[in-house]
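# A structural walkthrough
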Amino acid sequence: MDRIIAIIQGIVFSRRTHIILLVILVLMPLLHFGRESCKDEGQLAAMIPEASCSYLIDEKPVTNATLLTFTQMFILIILASNWNLTGGFTGYIDFGHAVFFGIGAFATANLMGASRWEEWPALLSDWSFWPAMAAGGLVAALFALMIGSATLRLKGPYFSIAMLGTLVAVREIVRVSKNFSGGGLGLNLPIYLNRPMFYYLSLTIMVLIIGFISWLRKTEFGASLVAIREDEVGAEMRGINTTLHKIAAFGTAAFITGSVGGMWAYQNTFIDADIAFQQTRTIDMVMMSMLGGLGTVAGPVLGSTVMFWLRDVVWSNFLLYHQIFEGILLIIIVLFVPEGIMGMFDRENSGTSLNQIIKGWFPKSSPDEEDSQ
Amino acid sequence: MDFSELLIQTLINGILIGGLYAVMVLGFSVIWGVMGVINLSHGDFLMVGAYLTWVLNKQYGFEPFVALFLVMPAMFLFGYLLQRLLINRIIERPPLIALLVTYGLGISMASTVKLMYTANPRITTTQFSGYLEFGNVVLPVTKSLVLVAALVMMVGLFVFLKYTRFGKSIRAAAQNKEAARMVGIEIDRVYAITFAICIALTGAAGMLLSPLGSISPFMGGAWTLKAFAITAMSGLGNIPGALFGGMVLGLVENLLATFVPGVGAGVGIISSFVLLVLVLVTRPQGLFGGLRAAQEIR
């Protein structure tokens, strides 16, 4: 058993695997060009195994559906990694993180000229995608600073439920304010169906975010966040400005989530209050981070990937039951593997941890960092 | 209809709906108070109760207020089994585990109901409808009956907890688990029965709700939020406090819906959220000091 785990660890955590994976991911869409490949675009739920076959065996060309599937997986990885910043490192379990996603999506949509309100200022209309996406992130971050300065004072379950309340309440407010959200009609963004672009964009953001978070974890700031999780009063006594740290982490996570929301809105070309503030999106983040291992850098990435595979299989086989399955899966994960995949590895061999992955990617970083599981 | 009559009408509506809120919140706050489990699937239990009533009403022709006597035992059994199988395993563990498990439970229940009865909004029909008129002010019969039923249930629970032997052992378990165990109270059984009673009450609240407004499989989240807001105001397991908190929420909701133009149906959720954050930030112990200190919960 130990040997098997050691072999798996060797494969999963080796730097060569990561480089190969990255190269495959970068090259994959290139196969897309110059072929008549858009035939089965309708298969939205293209299964991952099938997708992997297509570029490994090269029987079938990579389709837009494959790119879309992978883009969605990258978005989930980004969201889970981000959620992990407050939920995993700081220990403030946020049940309403999807609120920033939705706010970013709506801000971006409005700035790109999707507003249905006739009096919407012309200055804030018809922006191009990049500034609009960044502005979406900024709006989400501003909102996070506002709401966080109130809710981050709360401890433990109170914070979780206040954030859940934020999500539900903001969804209602957005739905009611028709000038901003288009009410039941929703908003239509300019249509732009360049799947490879979104693929590369989300891939880039994902790599940047993982790098950023693993760097952040090594800095004094990251260590302070973990200290807050372990003992908030103690951290304060050691001279850490806990409020500032918490709000900074919260705002950073909100900024990235909001930008990704903007990107998602542009890709989706249609948003309304229900799909932008989907409750399942929050629970995705929680579940994927927990499955991988809370408070580790690699955990959310692993968890999201595994979860995405699993869900795709369930989706394509039992479409009707997938939500029931998700709830039950959450219960099973929480009851039986609360430390997640990373925790399972750690228990077997304490020498291997997330830091090995980080070391693989960033050889110059300091080797003696304490592991946080 | 002049302003004072409109105001009186609004106040009456608020008080009538407040009774429903009060009985709805009891299950949530007693489970939290006795077991330390924050039940995020509370609203979904309410929804299950409401759907059970709807099925009895539409398919078997039961009057909703009569169906109450079938819904409560069914929900009692459901709660008992669920506690024995699942909730018992999470009581002693960190509160986050309980939050996540009950959240997952809620998703599963809502999706199951959606699968069985689709996501269309439903409503039950009762024979006790119509209005009693007093000048320009009217008293809706269904809502009044709901308030009466809610008050009866609250008094029943109050008497049960205060004067019966089993109720005393529940309170003992809530105050000091170890000491209760030492004097020979079977904690596991007390927990199971408490959970079952609370779920039965929640199901009953779902029944009371079903003739008043439309019910749908995914309404649970909003009701959980309302339950949390009222509990934050009233404190854990505090029955008069729950009545007070329910009335406050009902009144605030109705006053806002009447006198602030253009807010519509979402006002209940928004106002309960604002109340919740206000109370939590300003008085973390609850208005009556009934909530445990945050450290202890953690």
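Remember, it's a predicted structure, so these values are computed and weren't measured experimentally. (Residues numbered from 1 in each chain as written. Chains lettered and ligands numbered in written order. Predicted model: local features only at pLDDT ≥ 70, side-chain atom pairs only at ≥ 80, totals over all residues. Heavy atoms only, no water.)

Counting its regular elements, chain B contains 12 helices and 2 strands. Helices and strands appear in chain B in the N-to-C order α-α-α-α-β-β-α-α-α-α-α-α-α-α. By the compact-globule yardstick of 19 Å for 298 residues, chain B fits well, its C-alpha radius of gyration being 19 Å. By principal-axis analysis of the C-alpha atoms, chain B measures approximately 65 × 45 × 35 Å. Per-residue burial for chain B yields a buried fraction of 55% across its 298 residues. Looking at chain B alone, contacts between residues at least 24 apart form 77% of all its contacts between residues at least 6 apart. Distance from the positive charge centre (18 side chains) to the negative charge centre (11 side chains) of chain B: 10 Å. (Helix = DSSP H or I, 4+ residues; strand = E, 2+ residues; numbered from the N terminus. Rg over C-alpha atoms; globule rule 2.2 N^0.38 Å. Buried < 20%, exposed > 50% of the residue type's maximum accessible area, 1.4 Å probe, protein only. Contact = heavy atoms within 4.5 Å. Lys, Arg positive; Asp, Glu negative; His and termini not counted. Charge placed at Lys NZ, Arg CZ, Asp CG, Glu CD.)

This part covers the overall build of chain A. Counting its regular elements, chain A contains 18 helices and 2 strands. Put simply, 79% of the contacts in chain A that link residues at least 6 apart link residues at least 24 apart. Summed over all atoms, the accessible surface of chain A reaches about 16000 Å², with 65% contributed by carbon and sulfur. (Areas by Shrake-Rupley, 256 points an atom, 1.4 Å probe, with all protein chains shown as cover.)

Glancing now at the domain arrangement of chain A. All names here are of chain A. For chain A, the domain assignment lists domain 1 (1-62), domain 2 (66-277) and domain 3 (280-364). If you average the C-alpha positions of domain 2 and of domain 3, the two centres end up 21 Å apart. Counting residues at the interface gives 29 residues for domain 2 and 22 residues for domain 3. Each partner contributes to the roughly 2100 Å² buried at the junction of domain 2 and domain 3, and carbon and sulfur atoms together form 77% of this total. Considering only the side of domain 2, the residues that lose the most area to domain 3 are Met-73, Leu-76 and Trp-83, jointly responsible for 24% of the buried surface there. Taken together, the links from domain 2 to domain 3 amount to 0 salt bridges. At the boundary of domain 2 and domain 3, one finds 6 residue pairs in polar contact (both at pLDDT 80 or more). Among the secondary structure elements, those contributing two or more residues to the side of domain 2 that touches domain 3 are α4 (64-90), α5 (98-114), α9 (195-218) and α13 (273-276). Top element by residues in the side of domain 2 that touches domain 3 is α4. It accounts for 12 residues. The residue inventory of the side of domain 2 that touches domain 3, partitioned by class, reads 16 nonpolar, 9 polar and 4 charged. (Domains from an automatic or database assignment. Buried area = accessible area lost by both parts, 1.4 Å probe. Salt bridge = Lys/Arg side-chain N within 4 Å of Asp/Glu carboxyl O. Polar contact = N/O pair within 3.5 Å; in protein donor to acceptor, adjacent residues only side chain to side chain. Nonpolar A, V, L, I, M, F, W, Y, C, P; charged D, E, K, R; others polar.)

Bringing the interface of chain B and chain A into the picture now. Counting residues at the interface gives 38 residues for chain B and 38 residues for chain A. Taken over both partners, the interface formed by chain B and chain A buries close to 3500 Å², and the fraction arising from carbon and sulfur atoms is 81%. Counting the contacts that link chain B with chain A gives 0 salt bridges. Elements with a contribution of two residues or more to the side of chain B that touches chain A: α4 (95-117), α9 (220-234), α11 (267-282) and α12 (294-297) of chain B. If you tally residues by element for the side of chain B that touches chain A, the top one is α4(B), at 14 residues.

Ranked by internal contacts, the top residues of the largest apolar core, which has 194 residues, are Phe95(A), Phe100(A), Ile271(A), Phe277(A), Leu208(B) and Phe228(B). Apart from residues no more than four positions distant in its own chain, Phe100(A) is found in contact with Asp94(A), Ala140(A), Phe143(A), Ala144(A), Ile147(A), Met163(A), Phe250(A), Ala254(A), Thr257(A) and Gly258(A). (Core = buried A, V, L, I, M, F, W, Y, C linked by side-chain atoms within 4.5 Å.)

With that settled, the discussion passes to unusual backbone geometry. Residue and element names in this part refer to chain A. Positive phi, close to 60 degrees, is recorded for Thr-269, a residue that is not glycine. Tracing the backbone shows Thr-269 in the loop between α12 (242-268) and β2 (270-271). Residue Thr-269 is classed as buried on the basis of its relative accessible area of 17%.

Right, let's get into the pattern of salt bridges. Side-chain pairing between opposite charges can occur once the charged atoms of the two side chains come close. Residue and element names in this part refer to chain A. Applying the stated rule across the entire model yields 8 salt bridges over all chains. Its salt-bridge partner being Glu-230, residue Arg-229 comes within 3.2 Å of it at the nearest N-O pair. Looking at Arg-229, the relative accessible area reads 19%, which means it is buried. Glu-230 gets classed as exposed once you look at its relative accessible area, which sits at 54%.

Residue and element names in this part refer to chain B. In this model helix α1 (residues 3-35) runs 47 Å from its N-terminal to its C-terminal C-alpha over 33 residues, within 8% of the 48 Å that 1.5 Å per residue would give. Maximum bend of α1: about 30 degrees, positioned at Leu-26. Burial of α1 is extensive: 24 of the 33 residues sit out of reach of the surface. Once α1 finishes, Gly-36 follows within two positions and takes phi at roughly 75 degrees, a positive value. (Expected span 1.5 Å × (residues − 1). Bend = angle between axes of the 7 residues up to and from the residue.)

Residue and element names in this part refer to chain B. The pairing of strand β1 (residues 131-134) with strand β2 (residues 137-140) spans 4 bridges and is classified as antiparallel. For Glu-133, the partnering residue across the bridge sits in β2 and is Val-138. Between β1 and β2, which pair antiparallel one after the other, the connecting turn spans 2 residues, and Gly-135 there sits at a positive phi close to 65 degrees. (Pairing = 2+ DSSP bridges.)

As a further point, take the side chain of Arg195(A). Note on placement: Arg195(A) falls in helix α9. Look past the residues within four positions of Arg195(A) in its chain and what remains in contact with it is Asn64(A), Leu67(A), Leu68(A) and Gln267(A).

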